[in-house]
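Chain and residue survey
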Amino acid sequence: MTINAATRVFAVIGDPVSHSLSPLMHNGWIADHGIDAAYVALPLRSDDPAAALRALGQFGFSGANVTTPYKEAAARAADAADDVVANTLRWEANGALAAFNTDGVGFVAALAEAVPDWRARVRRVLIVGAGGAAIAVGKALSPDVDSVFFINRTQTRADAVAAMLGNGGVLGWQDMERGFGAADLIVQATSLGLAGGPALEWPVALCQEHAIVADIVYRPLETDLLMKARARSLVAIDGLGMLIHQGARAFELWFGIRPNVGKARARLMAVLQR
Ligand code: ATR
């Protein structure tokens, strides 16, 4: 498809975005379906990100993904939002801006893909982290489990997140071992483990034999946590599944088409393994 004056424009917006895999993923799907659209990465530096995001509507943008650190601004910028943190924007035909959070459904879809009977296996969840990703994952899991415990370096943030859920709980950072031992599902939802980041001594040795371990980080694909979980033959889920499934839901919100997640995984793996 040649880009022309009628081409609909989409973007991923954040700071930084130069290493985002979203353009590769969405342009692949756009090509798969022969849609006249293009998806680019736009770095944004702004004191008023909500205003900057709204301005894109004036340029005729059709939709966007919003990433760190502007997910709260994205929800604020919209005329209607399904959550207080948004990763997907859609400009409607009447000019109104709608915001969605597809991170939570994306995580659950990735979990279901790896462990189809997860609902029968998971009663107690431990989420490490209390940022936007942790909130989205916690909210999405909460209705299907007995408890969702948060453990975060800054405990006050964990307190605030746990209070959003009817079955939320908090553990102190020093209680990591106890948390790992009690959980059926452990979700690493901090930016730790990202390439070059500091490693933590994850107490995987204390996990129960049936425990499922998931990391939302996908660079590297095999984080230290997942490596340790696999060494113990635990089910280990990498962050690529969540990235692809949150993107697939966004694509569906924009185009009304469910894209092929398997094709996306193959394309992204080719880049990540390079
Ligand atoms: P996101 O929206 O992507 O989740 P965020 O809101 O900045 O990003 O949250 C980042 C998470 O990673 C937080 O839980 C943060 O812990 P703090 O609340 O204590 O800052 C966590 N995090 C980042 N670097 C960390 C580190 N070196 N050790 C422990 N936790 C870290």
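Model, not experiment: these values are computed from the prediction.

The rules behind these values
Residues numbered from 1 in each chain as written. Predicted model: local features only at pLDDT ≥ 70, side-chain atom pairs only at ≥ 80, totals over all residues. Heavy atoms only, no water. Domains from an automatic or database assignment. Buried area = accessible area lost by both parts, 1.4 Å probe. Buried < 20%, exposed > 50% of the residue type's maximum accessible area, 1.4 Å probe, protein only. Helix = DSSP H or I, 4+ residues; strand = E, 2+ residues; numbered from the N terminus. Pairing = 2+ DSSP bridges. Right-handed = clockwise from strand over helix to strand, strands pointing away. Core = buried A, V, L, I, M, F, W, Y, C linked by side-chain atoms within 4.5 Å. Contact = heavy atoms within 4.5 Å. Axes fitted to C-alpha atoms, helices over the stretch in contact; angles between N-to-C directions. Near = heavy atom within 4 Å. Polar contact = N/O pair within 3.5 Å; in protein donor to acceptor, adjacent residues only side chain to side chain. Areas by Shrake-Rupley, 256 points an atom, 1.4 Å probe, with all protein chains shown as cover. Nonpolar A, V, L, I, M, F, W, Y, C, P; charged D, E, K, R; others polar.

Before going further, it helps to examine the domain arrangement of the protein chain. For an interface, size is often stated in terms of accessible area lost upon the parts coming together. Here the domain parsing of the protein chain yields domain 1 (8-101 + 243-272) and domain 2 (104-238). Placing a centre on the C-alpha atoms of domain 1 and another on those of domain 2 gives a separation of 25 Å. Roughly 1100 Å² of surface becomes buried between domain 1 and domain 2 when both sides are summed, with 59% attributable to carbon and sulfur atoms. Per-residue buried area on domain 1 facing domain 2 is highest for N101, H245 and L272; these three make up 39% of the total on that side.

Let us look at the pairing of strand β1 (residues 8-14). Of all seven residues in β1, five are buried; the element is thus mostly enclosed. For β1 and strand β2 (residues 37-43), the ladder comprises seven bridges, and the chain directions are parallel. Across the sheet, the residue bridging to R8 is A37, located in β2. Since β1 and β2 lie parallel, the crossover through helix α1 (residues 22-32) that links them has a hand, and here it is right-handed. Relative to strand β3 (residues 63-66), β1 is paired through four bridges, and the arrangement is parallel. By the bridge assignment for β3, A11 is matched with A64.

What follows concerns the nonpolar core. Counting residues in hydrophobic clusters, the biggest one holds 29 residues, and the most contacted among them are I127, L141 and F150. Mapped onto this core, the elements with two or more residues apiece are α4 (103-114), β7 (124-128), α6 (132-141), β8 (147-151), α7 (155-162), β10 (185-188) and β11 (212-215). Looking at this core, the element that brings in the most residues is α6, giving five residues. Not counting the four nearest positions on each side in its chain, F150 is found in contact with I127, G129, A134, G138, A158, V161, A162, L165, G169, V170 and L171. Counting residues in hydrophobic clusters, the runner-up holds 23 residues, among them I30, L243, I244 and L268.

The next thing to look at is the sheet that holds strand β4 (residues 80-81). Read across the sheet, six strands follow the order β2-β1-β3-β5-β6-β4 without closing on themselves; strand pairing throughout is mixed. Only two strands of the sheet have a single partner each, and these edge strands are β2 and β4. Taken strand by strand, α1 contacts β1, β2 and β3, and its axis lies near 170° from that of β2. Against the sheet, helix α10 (residues 240-255) contacts β1, β2, β3, β5 (88-91) and β6 (97-100), and its axis sits at roughly 10° relative to β5.

Close to the ligand lie 14 residues, the nearest being A130, N152, R153, T154 and R157. Take N152: an N or O atom from its side chain is 2.6 Å from an oxygen atom of the ligand. A distance of 2.5 Å is found between an oxygen atom of the ligand and a side-chain nitrogen or oxygen belonging to T154. In the complex, the protein chains occlude 74% of the 640 Å² of accessible area that the ligand would expose alone. Of the residues assigned to the shell around the ligand, the class counts are four nonpolar, eight polar and two charged.

Another point: unusual backbone geometry. Residue D15 is joined to P16 through a cis peptide bond whose omega torsion reads 5°. With omega at 0°, the peptide bond leading from T68 into P69 counts as cis. Looking at the secondary structure, you find P69 in the loop between β3 and α3 (71-77). The phi angle at S233 is positive, at roughly 60°, despite the residue not being glycine. Tracing the backbone shows S233 in the loop between α9 (224-231) and β12 (235-237).

Take the pairing of strand β9 (residues 168-171) next. Burial of the side chains of β9 is restricted to one face: G169 and L171 are buried, whereas none of G168 and V170 on the reverse face is. Summarising the sheet, β8 and β9 pair through four bridges and their orientation is parallel. When the bridges of β9 are listed, F150 appears paired with V170. Crossover handedness for the path β8 to α7 to β9: right-handed.

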